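Structural overview for review
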Amino acid sequence: MSEHQTSLNFRENAAAAVQNDSLRAAMRNAADTFGTRRTAAFSAIPDLEALRDKASEIRLKVLDNLPAYLEEFSSNATRAGATVHRAGDAAAAREMILALLKERGVRMAAKGKSMISEEIGLNAHLQAAGIEVVETDLGEYIIQLEGETPSHIIVPAIHKNRQQVGKLFAERLGVPYSEDPQVLTKIARKVMREKFLTADAGISGANFAIAQSGSLVLFTNEGNGRMVTSVPPLHIAIISVEKILPRLADLPTFIRLLPRSATGQAITSYLSLITGTRKEGEATGARELHLVILDNGRTEILAGECREMLKCIRCGACMNVCPVYRTVGGHAYGWTYPGPMGMVLTTLLTGMKQSYPLVDASTLCGACVEVCPVRIPLVPLILKLREQKVREGLSDTKERLGMRFFGAAVKTPELFYWGERVSRLFWPLIRTLGGKDVAGRLPEPTGRPFHRRVP
Amino acid sequence: MNREETIALFLEKAALAAAGARRVAGAAEMAAAVSELVAADLAVYCPALSELERAAAAVLVRRVSGYRDAEVSVEEVLAGIAETGSIVCASVEGRAVQASLLPSYHLALLLAEKIYPTLDDFFQSLRGALPTNIAVITGPSRTADIELTLAIGVHGPERLDVIVIS
């Protein structure tokens, strides 16, 4: 597991985030932009609901037959020249990748965006062993320069504004200050080109792994994903077990859904299919390809009642529409994955004890369920996790007592009736004693409750 | 979708993805378009592996042998996809997929009959053992990583033009 999990401090993190004006402004801008773009992108798809059904069905089929598909993927990838490794947990994956790099004397690795690498804390591990790791995605590069972690799974530096990026580049790269994204992008292009051409190894993730052909599929816009997977002689890809799609013919469904859900694009600039290593007569392709397939608790999730979380294709649409994410940003969640998918996945992957405050990070409004391209029932999953939290005795004592009291009261109409009367009677006292933190959040009891006004 | 509709859809979708897309009739018109689009002082990589590429190479002024040092890459691409306005490059026929990635201007030559109407049509056409690299390319390299503001030309080409030849 990534070492620096602060999910237990979610409330404190969130409280600090809402005081951060530049973060709030950045998140507001992001939410509005994403919303508009996504809506526009899907307006051209007439049978969106059928497409979502199909995508969900394919993902469920993968989960139902995962060991067989993994076997098929591994054997086809091996036939195409790749070496397949299975890693049970984060530590095993980190060690495996470090050993591969060390054995080959790699000093510098160019890295494409990979949330799995964030999940296992790969960069820190490699850097501690003296290997330079350069993040090549612009957003990832920005946060690497700043020493931060991603706050969004698609747009990692979404919490930063252009002035902050301009200042960072000026300070760290010695370039003249500019806050024009086009100028800043050109600076990154120049710095990075050198890195691509001299890197001893490329490290990437993948969006999907095709069982039928043993191929990796990467959706990218910048071109860095294509660079790291095809320019250096050694390519190491790290994927998690559930990234499988059965067949190439399944891809169009996900091409139609993933970029639209993620960034509002009909398709990303680049879609790369990587199948094994350079074959005879080919002018490009890595000479050596290692695929590290990570479990890290997923097989266990698959056996549990929250298995549908593993349908997730990491589009980030749920966070873009989530009122909690939009208010507090991604860092408050305290681990790799933020937003609705993040609160569920983090709890499942790191354990309830490490993350239980996260299960409250939802208003249960259901906006995430509305946009999820693979129909993950996020609200029911969140409710299941809340139940689990209570079962494990991790809920607040006062909350538990309050709920028990309320539960008893609503079961008995007389008690409920008297509760209403009494609370009205004592309201001035409650308000005076409770202060704005308690009484300020409660609705004032009414003299004539709604249900008595309806005949 | 008939052939004409497929070509029209391809041109429309490619333009939506910020690629310059035009249609010409025959190799002579194509060569004229190439010399119009590629400024004479630029270093151009053109592998001249196919008939179309040889016709293009004939009008290029400053050809270089490697794509790494080229400012422009002119090459025939394997396929087009009308649904998304995409072109497809792959590591076949001794081709380097990076020729469509490293130079800042990529000029693709695409035979009209190689345009598939939909993504499904294209992926169904992939049979047998796949080449190591297949790249489906739609418009120039781009990012929105800073304030979700679109910037063109990050690590790949900042300009992509497609000439459809019928």
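All of these numbers come straight from a predicted model, not from anything done at the bench.

Let us now look at the overall build of chain A. Across its full length, chain A holds 22 helices and 10 strands. Relative to the globule expectation of 23 Å for 455 residues, the C-alpha radius of gyration of chain A, 24 Å, shows essentially globular dimensions. When its C-alpha atoms are laid out on the principal axes, chain A stretches across 85 × 55 × 45 Å. Looking at chain A as a whole, 48% of its 455 residues are labelled buried. For chain A, restricting intrachain contacts to residue pairs at least 6 apart in sequence, the fraction spanning at least 24 positions comes to 75%.

What chain B contains, in helices and strands, is four helices and 12 strands. Scaling as 2.2 N^0.38, a compact globule of 166 residues should have a C-alpha radius of gyration of about 15 Å, and chain B matches this with 15 Å. For chain B, the spread of C-alpha atoms along the principal axes amounts to about 45 × 40 × 30 Å. For chain B, the proportion of contacts with a sequence separation of at least 24, taken over those separated by at least 6, is 69%.

As a further point, take the nonpolar core. Note that soluble globular proteins tend to have their nonpolar side chains buried in a common cluster. By size, the foremost hydrophobic cluster in this structure holds 185 residues, and its most contacted members are L294(A), M309(A), C318(A), V344(A), L110(B) and V162(B). Those residues in contact with L110(B) that lie beyond four places of it in its chain are V77(B), G80(B), I87(B), I115(B), V162(B), I163(B), V164(B) and I165(B).

Glancing now at the sheet that holds strand β5 (residues 79-81) of chain B. In a beta sheet, neighbouring strands are held together by backbone hydrogen bonds and run either parallel or antiparallel to one another. An order of β8(A)-β5(A)-β6(A)-β9(A)-β9(B)-β6(B)-β5(B)-β8(B) is seen for the eight strands of this open sheet, with the pairing classed as mixed. Strand pairing shows two members of the sheet lacking a second neighbour, β8 (244-245) of chain A together with β8 (115-116) of chain B, which therefore form its edges. With five bridges connecting them, strand β9 (residues 270-274) of chain A and strand β9 (residues 133-137) of chain B associate as antiparallel partners. Of the residues in β9(B), the one forming a bridge with L271(A) is V136(B).

Many authors give the size of an interface as the accessible area that is lost as the parts come together. Contact residues are listed per partner, giving 39 residues for chain B and 52 residues for chain A. At the level of elements, α4 (119-125), β9 and β10 (142-143) of chain B are the ones that each hand at least two residues to the side of chain B that touches chain A. Residue composition of the side of chain B that touches chain A, by class: 18 nonpolar, 16 polar and five charged.

To continue, consider the packing of helix α16 (residues 339-350) of chain A against helix α19 (residues 378-391) of chain A. All names here are of chain A. Relative to each other, α16 and α19 sit at 40°, their axes nearing to 10 Å. With respect to each other, α16 and α19 are oriented oblique. Along this stretch, α16 crosses α19, giving a crossing that reads as left-handed. Contact with α16, carried on its side by P340, M341, M343, V344 and T347, involves L378, L381, I382 and L385 of α19 and no other residues of that element. Residues that form the contact of α16 with α19 fall into these classes: eight nonpolar, one polar and no charged.

All right, on to α16(A) then. Residue and element names in this part refer to chain A. Compared with an ideal rise of 1.5 Å per residue, which puts 12 residues at 16 Å, α16 spans 16 Å between its outermost C-alpha atoms and is within 8% of the ideal. Among all positions of α16, only G339, P340, M341, G342, M343, V344, L345, T346, T347, L348, L349 and T350 are buried. Against the buried residues of α16 lie α13 (298-303), α14 (317-321), α15 (323-328), α17 (352-355), α18 (367-371) and α19. Following α16 by one or two positions, G351 has its phi on the positive side, about 100°.

Moving on: unusual backbone geometry. Its identity as a non-glycine residue notwithstanding, R314(A) has a phi of 60°, on the positive side. Relative to the helices and strands, R314(A) resides in the loop between α13 and α14. Not every positive phi belongs to a glycine, and E147(B) is a case in point at roughly 55°.

We now examine the pairing of strand β2 (residues 108-111) of chain A. Successive residues of a regular strand alternate their side chains across the two faces of the sheet. All names here are of chain A. In this structure, β2 lies alongside strand β3 (residues 132-135), joined through four bridges in parallel fashion. Across the sheet, residue K111 finds its bridge partner in β3, namely E135. The pairing of β2 with strand β4 (residues 201-204) spans three bridges and is classified as parallel. Bridged to K111 within β4 is I203.

This part is about the environment of A56(B). Residues and elements named next belong to chain B. Structurally, the position occupied by A56 is in helix α3 (residues 51-57). A56 gets classed as buried once you count the C-beta atoms within 10 Å, which come to 26. Along the backbone, A56 and P140 are 84 residues apart, and their C-alpha atoms lie at a distance of 21 Å. The residues contacting A56, other than those within four sequence positions of it, are M30, A31, V34, C46, V74 and L109.

For the rest of this paragraph, the subject is the sheet that holds strand β1 (residues 20-24) of chain B. All names here are of chain B. Ordered by their spatial adjacency, six strands build an open sheet running β1-β12-β7-β4-β2-β3, and the pairing between neighbours is parallel. The sheet is open, and its two borders are formed by β1 and β3 (63-64), each paired with just one other strand. Along the sheet face, helix α1 (residues 3-16) touches β1 and β12 (159-165) and points at about 155° away from the line of β1.

Time to look at the domain arrangement of chain A. Each assigned domain of chain A is listed with its residue range as follows: domain 1 (47-299) and domain 2 (397-453). Taking the mean C-alpha position of each, domain 1 of chain A and domain 2 of chain A sit 52 Å from one another.

Of note, L184(A) is situated in helix α10 (residues 181-198). We classify L184(A) as buried; it has 26 C-beta atoms within 10 Å. Sequence spacing of L184(A) and A209(A) is 25 residues, and the spatial spacing of their C-alpha atoms is 33 Å. Setting aside residues up to four positions removed in sequence, L184(A) forms contacts with V165(A), G166(A), F169(A), S178(A) and I146(B).

Basis of the calculations
Note on numbering: residues in each chain are counted from 1, in written sequence order. Think of it this way: whatever chain is written first is A, whatever ligand is written first is 1, and the rest follow in order. Where local features are concerned, this predicted model is filtered to residues with pLDDT of at least 70; where side-chain atom pairs are given and counted, the filter is 80 or more; whole-chain, interface and lining totals use all residues. Counting from the N terminus, the helices are the DSSP runs of H or I reaching at least four residues and the strands are the DSSP runs of E reaching at least two. Computation of the radius of gyration draws on C-alpha atoms, with the globule rule given as 2.2 Å multiplied by the number of residues to the power 0.38. We call a residue exposed when 12 or fewer other C-beta atoms sit within 10 Å of its C-beta, buried when the count reaches 20 or more, and partly exposed for counts in between; the C-beta positions come from the backbone. We call two residues in contact when the distance between their C-beta atoms, placed using the backbone, is within 7 Å. Structurally, a nonpolar core is described as a collection of buried Ala, Val, Leu, Ile, Met, Phe, Trp, Tyr and Cys residues joined by way of C-beta atoms within 7 Å. For two strands to be treated as a pair, DSSP must find no fewer than two bridges joining them. Residues are grouped as follows: Ala, Val, Leu, Ile, Met, Phe, Trp, Tyr, Cys and Pro are nonpolar; Asp, Glu, Lys and Arg are charged; every other residue, Gly included, is polar. Under this scheme, a helix contributes an axis fitted over its contacting stretch, all axes are lines through C-alpha atoms, and angles between N-to-C directions fall in the 0 to 180 degree range. By the definition adopted for this analysis, an angle is roughly parallel if under 35 degrees, roughly antiparallel if over 145, roughly perpendicular if from 65 to 115, and oblique otherwise. Crossings are assigned a handedness: left-handed for a near helix turned anticlockwise from the far helix by less than a right angle, right-handed for a clockwise turn. What a helix should span is 1.5 Å times the count of its residues minus one. Marked domain ranges trace back to an automatic or database domain assignment.

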